[in-house]
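# Commentary on secondary and tertiary structure
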Amino acid sequence: MARIIVIKPDKTRTEYHLDARLITVGRTPANSIQIDDKAASRKHCLIKAVGDDWTLVDLGSANGTKVNGEKTKEWDLSDGDRIKIGKTVLAFKED
């Protein structure tokens, strides 16, 4: 099962199992994964299942989304990818 590990700037971690086909990420509590980072947009990006794979899509965020250091609008995720939103890191893991 795929999961996201949110790593805050203070190094605390929270793990989320991707048990839905569409996961929203952003600053507001309405998101599947809420990011407490001023650089995150209210609805920053989404992670969607495409068959057995996962794709990240930036939702036109003001500050952008980086995967493995590259700014991107869309990215096919692989085990170990690191998504950066502001100072928050989301590690993508597949078991």
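Note that the structure is a prediction, hence the values are computed from the model and not measured. (Residues numbered from 1 in each chain as written. Predicted model: local features only at pLDDT ≥ 70, side-chain atom pairs only at ≥ 80, totals over all residues. Heavy atoms only, no water.)

## Comments concerning the pairing of strand β11 (residues 88–94)
- Burial runs high along β11: 5 of the 7 residues are buried.
- Here strand β1 (residues 2–7) pairs with β11 via 6 bridges, running antiparallel. Note that in β11 the partner of Ile 5 across the bridge is Ala 91.
- Relative to β11, strand β10 (residues 82–85) runs antiparallel, the two sharing 4 bridges. (Buried < 20%, exposed > 50% of the residue type's maximum accessible area, 1.4 Å probe, protein only. Helix = DSSP H or I, 4+ residues; strand = E, 2+ residues; numbered from the N terminus. Pairing = 2+ DSSP bridges.)

## Details of the sheet that holds strand β2 (residues 13–17)
- Strand order in the open sheet formed by 6 strands is β2-β1-β11-β10-β7-β8, and the pairing between neighbours is antiparallel. In this open sheet, the two edge strands, each paired with only one partner strand, are β2 and β8 (70–72). Neighbour to neighbour, the strand axes of the sheet diverge by 30 degrees on average, direction disregarded. (Axes fitted to C-alpha atoms, helices over the stretch in contact; angles between N-to-C directions.)

## Quick notes on unusual backbone geometry
- For Lys 11, which is not glycine, the phi dihedral falls at a positive 75 degrees.
- On the secondary structure map, Lys 11 appears in the loop between β1 and β2.
- We classify Lys 11 as exposed; its relative accessible area is 62%.
- The backbone of Asn 68 sits at a positive phi, close to 50 degrees, despite the residue not being glycine.
- By the secondary structure assignment, Asn 68 is in the loop between β7 (65–67) and β8.
- Assessed through its relative accessible area of 40%, Asn 68 is described here as partly exposed.

## Describing the nonpolar core
- Counting 20 residues, the largest nonpolar core has Ile 4, Leu 18, Val 25, Ile 47, Trp 54, Ile 83 and Leu 90 as the members making the most contacts within it.
- Residue assignment for this core shows that the elements contributing at least two residues are β1, β3 (22–26), β5 (45–50), β6 (53–58), β10 and β11.
- Contacts of Ile 4, omitting those with residues within four sequence positions, involve Thr 14, Glu 15, Tyr 16, Leu 18, Ile 33, Ile 47, Ile 83, Leu 90, Ala 91 and Phe 92. (Core = buried A, V, L, I, M, F, W, Y, C linked by side-chain atoms within 4.5 Å. Contact = heavy atoms within 4.5 Å.)

## Comments concerning the environment of Ile 85
- By the element assignment, Ile 85 lies in strand β10.
- Taking relative accessible area as the criterion, Ile 85 reaches 0% and is therefore assigned buried.
- Sequence separation of Ile 85 and Cys 45 is 40 residues, and the distance between their C-alpha atoms is 9.4 Å.
- Excluding residues within four positions of it along the chain, Ile 85 makes contact with Val 25, Asp 37, Ala 40, His 44, Cys 45, Thr 65 and Leu 90.

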